[in-house]
Amino acid sequence: MSSLTFDTHKFIKRLTEAGMPLGQAEVLAEEQTKLIDERLATKDDLKMMELRLTMKMGALIAAGIGIVATVTKLLN
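Just so we're clear, the structure is a prediction, and the values are computed from it rather than from any experiment.

Scoring rules and cut-offs
Along each chain, residues carry numbers from 1 onward, in the same order as the chain's sequence is written. Local features are withheld for residues below a pLDDT of 70 in this predicted model, meaning they are given only at 70 or higher, and side-chain atom pairs are given and counted only at 80 or more; totals for whole chains, interfaces and linings count all residues. The basis for every side-chain value is the complete set of non-hydrogen atoms in the structure, without hydrogens or water. Aromatic rings from Phe, Tyr and Trp, with only the six-membered ring used for Trp, were paired whenever their centres fell within 6.5 Å, and each pair was classed as stacked if the ring planes differed by under 30 degrees, edge-to-face if by over 60, and tilted otherwise. In this scheme, a residue with accessible area under 20% of its type's maximum is buried, one over 50% is exposed, and one in between is partly exposed, where area comes from a 1.4 Å probe on protein chains only. Working definition: helices are DSSP H or I runs of at least four residues, strands are E runs of at least two. Numbering for both runs from the N terminus. Any two residues whose heavy atoms approach within 4.5 Å are treated as being in contact. What counts as an axis is a line fitted to C-alpha atoms, over the stretch in contact for a helix, and the angles between N-to-C directions run from 0 to 180 degrees. The cut-offs work like this: below 35 degrees is roughly parallel, past 145 is roughly antiparallel, 65 to 115 is roughly perpendicular, and the gaps in between are oblique. By definition, turning the near helix anticlockwise from the far helix through less than a right angle yields a left-handed crossing, and turning it clockwise yields a right-handed one. In this count, Pro and Cys sit with the nonpolar residues alongside Ala, Val, Leu, Ile, Met, Phe, Trp and Tyr, while Asp, Glu, Lys and Arg are called charged and the others, Gly among them, polar.

(A) Focus on the packing of aromatic side chains. In this structure the tally under the stated criterion is 1 aromatic pair. A centroid spacing of 5.2 Å and a plane angle of 55 degrees characterise the contact between Phe6 and Phe11, whose relative ring orientation is tilted. Accessibility expressed as a relative area gives 22% for Phe11, which makes it partly exposed.

(B) Molecular detail of the environment of Phe11. Assignment of secondary structure puts Phe11 in helix 1 (residues 8-17). Between the alpha carbons of Phe11 and Gln32 there is a distance of 9.7 Å; along the sequence they are 21 residues apart. Beyond its immediate sequence surroundings of up to four residues, Phe11 is in contact with Phe6, Leu28, Ala29 and Gln32.

(C) Representation of the packing of helix 1 against helix 2 (residues 22-39) in the model. Relative orientation of the contacting elements helix 1 and helix 2 amounts to 140 degrees, with a least axis distance of 9 Å. Considering the angle they form, helix 1 stands oblique to helix 2. Seen from above, helix 1 lies across helix 2 with right-handed handedness. Along the contact surface, helix 1 presents Thr8, Phe11, Ile12, Leu15 and Thr16, while helix 2 presents Leu22, Ala25, Glu26, Leu28, Ala29, Gln32 and Thr33. The class makeup of the residues in the contact of helix 1 with helix 2 is 7 nonpolar, 4 polar and 1 charged.

So yeah, pure geometry; function would need other evidence.
Below is the structure:
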């Protein structure tokens, strides 16, 4: 998965300027980075998902055509 841009330095700076202790701000920034990397889908993730869904849809259409052709042949 490709990584999103998250400016941890700026994030920590804003938190410490708001009164949060530096150690807590660093831990929070680290956890936010993990959350972003693990939970959010990137454009590349969505493109891969689209490709997989397109391939599955093609397979389902091909199978459906095969089933219809077989049933048609059996009924004639």
